[in-house]
Amino acid sequence: MTSDKVLFEVTEKHLNTGLRGIPVGTCRTSFVTPSEGVHYCGYPIAELAAFEPEDIVYLLFNKELPNAQQSAEIRQELASRAAIPGDLESVFKSLPKFGHPMDWLSVGIHSLGMMETTNNWKEDALNLIARMPRLMGLLFRIREGREENIPADDTSLSMVERFIHCLDLHNAETEKMKQIISTYLVLHMDHGGGNLSTFTGKAIASSKATVYSAMAGAMNALSGPLHGRANQSCLEFVLKVGTSDPAEVEAFVRAELAASRPIFGFGHAVLRSEDPRATVQFNLGDKICPEDENFKIITTLREVAPRVLSENPKISNPHANVDIASGALLHHAGMTDPTYYTTFFGWARVAGIGAQIVDERAVYRDGKGLPIYRPKYIAEAQTLRHVE
Ligand code: AMX
C-alpha cells in the first residue's frame, strides 16, 4: 500500500489514548469484524474451529488451508523441530514455585532462545511453535512439583497429544482434554494485528531482537489482567457465582453491577454480537459436559447477563465473549487451577504472533521488513520550559 489516501485524521484528542483505533499497518493473517469476530486469512473462525492446530499453523504461515498432503507435511515438519536444544527442566526447577505461570512461560521462551537461535525469522518461529507443547508440559509438571519420572517427548504424537503425554495424568479423560485444548488453541491463535501482545511482539522484533525475545515480551504483555489474564478472572468469577439457578444468577449479576464490578465473560471492544468463539465452546460443552456444574452456571449466565447488561445503554455489547466458556471447559478437562489458563492463551498466540513477526520482518517491503517502530510523542509544556 503506497497511496496518499487519508485513512484517519489524528487530532489532539487521540493523544494519550493508547493508539486506540489509529491505523498503523496492515495484517496478512487475521482481522476482526463486529458480527463474525475474528477471521484467519479470510475464513470466519467458526469455519475453522474443527481443524487441528497444526493445520491452522499452516494457514497462518501460508495464507491458505493445507490439502491432505500439506497437512501431513506440516505435522511432520513440526515434529522434526520439536526437540528442545538444552536443559529447560533445570531452568524451570530453579524458578520460584509461587511465580505466576505466565512469568514461567516468558522465562521458558527466553530460555529456548538462549539455547538456540538460527537468525532466520521463519525457522525460529516454527521451531518455537514446535517446542511449545513440551515447554507447556514441563511448566505444568515442574511448577506443580511433579518433577520425577517426566516421560520423554514422543514426536509421533500431535502437538496437543505431546502436551498431554508430558502431563502423564492418570485417569484423566484424555480424549476430552485433547478436544478441549485443540479447540482452545485454534480459537486463540490470532486476533488481528493491533492487540497489545501481538503489537508488542512485532515492535520488539522490529529492533531485530530475536523471535524468542519478541515472543517473551509479547507474553509479558499478554499476562496483564486487562489482556490475556481476563480468562483466569473469568473462571474465578464463575466459581464465585456458585449456582446455576436463573433467579439467583440474576441477583448475583445485579449485585456485582451495583458494586461497580464487571460481569466477566461479557462485552467486547469490537464485536457487537456473541463472540463466535464463545458459541463454538458452548456447542462443544453441550456435547461433552452438559452436566458439569460450571458449564451449567455459564449456560445460565449466557441467558441472564445479556438481558441485565442491555439495561445499561452505555454497554456496547452485552453478549458473551470468548472467555466465558474456555475456563469452564478447561476446568472440566482437569485443569482446575485458573492461574494456568492464560498460558494456554499464550501457547496459542505464539502461532499468530510468530506468523505476523515473519510477515513484518521478512515479507513486507519486498522482503526487507518494516523499519524499527518509532511513533511520535509530543513534548508537554513543562518539558519545554528550559528551551523556550
Ligand atoms: N460488565 C460491566 N460493565 C461493562 C461490561 C461488563 N461485562 N462491558 C462493558 N461495561 C462497561 C464498561 O466498563 C464501560 O464503562 P465506563 O464507561 O464506566 O468505563 C461501558 O460499559 C462501555 O464499555 P464498552 O464500550 O461496551 O466496552 P469496552 O470496549 O470499553 O470494554 C471489555 C470491553 C471487554 C473490557 C468490557 O466489556 C469488560 O470489561 N468486560 C468484562 C471483562 C471481560 O470479560 N473481559 C474479557 C474480554 C475478552 C475479550 O474478548 N477481549
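This structure is a prediction, so every number in the text was calculated from the model and none was measured. (Residues numbered from 1 in each chain as written. Predicted model: local features only at pLDDT ≥ 70, side-chain atom pairs only at ≥ 80, totals over all residues. Heavy atoms only, no water.)

## Some details on helix α10 (residues 211-222)
Residue pairs three or four apart in sequence face the same way in an α-helix, which turns once every 3.6 residues.
Here is step 1 of the chain: Taking 1.5 Å as the rise per residue, α10 with 12 residues should run 16 Å; its terminal C-alpha atoms sit 16 Å apart, in good agreement.
Here is step 2 of the chain: Most of α10 sits out of view: 10 of its 12 residues are buried.
Here is step 3 of the chain: Contacts from the buried residues of α10 go to α5 (101-115), α6 (121-143), α9 (196-205) and α16 (341-362). (Helix = DSSP H or I, 4+ residues; strand = E, 2+ residues; numbered from the N terminus. Expected span 1.5 Å × (residues − 1). Buried < 20%, exposed > 50% of the residue type's maximum accessible area, 1.4 Å probe, protein only. Contact = heavy atoms within 4.5 Å.)

## Let's talk about the sheet that holds strand β2 (residues 37-40)
Here is step 1 of the chain: The strand order across the open sheet formed by 3 strands is β1-β2-β3, and the pairing between neighbours is antiparallel. Across the chains shown, the open sheet's two edge strands, defined by having one partner strand only, are β1 (30-33) and β3 (43-44).
Here is step 2 of the chain: Bridging between β1 and β2 involves 4 bridges; their strand directions are antiparallel. From the neighbouring strand, Val32 faces β2, where its bridge partner is Val38. (Pairing = 2+ DSSP bridges.)

## So, the nonpolar core
Here is step 1 of the chain: With 103 residues, the main nonpolar core has Ile109, Phe163, Ile181, Leu301, Met335 and Phe344 as its most contacted residues.
Here is step 2 of the chain: Per-element accounting of this core gives the leading share, 13 residues, to α6.
Here is step 3 of the chain: Not counting chain neighbours up to four residues away, the residues in contact with Phe163 comprise Pro133, Met136, Gly137, Phe140, Ile181, Met335, Phe344 and Trp347. (Core = buried A, V, L, I, M, F, W, Y, C linked by side-chain atoms within 4.5 Å.)

## Quick word on the site of the ligand
Here is step 1 of the chain: Neighbouring residues of the ligand: 17 residues in total, closest Ile263, Gly265, Phe266, Ser316 and Asn321.
Here is step 2 of the chain: Measuring from an oxygen atom of the ligand, one finds a side-chain N or O atom of Asn321 at 3.0 Å.
Here is step 3 of the chain: Expressed as a share of its isolated accessible area of 890 Å², the protein-covered part of the ligand is 60%.
Here is step 4 of the chain: Residue composition of the shell around the ligand, by class: 10 nonpolar, 5 polar and 2 charged. (Near = heavy atom within 4 Å. Polar contact = N/O pair within 3.5 Å; in protein donor to acceptor, adjacent residues only side chain to side chain. Areas by Shrake-Rupley, 256 points an atom, 1.4 Å probe, with all protein chains shown as cover. Nonpolar A, V, L, I, M, F, W, Y, C, P; charged D, E, K, R; others polar.)

Distances and angles like these do not, on their own, reveal function.
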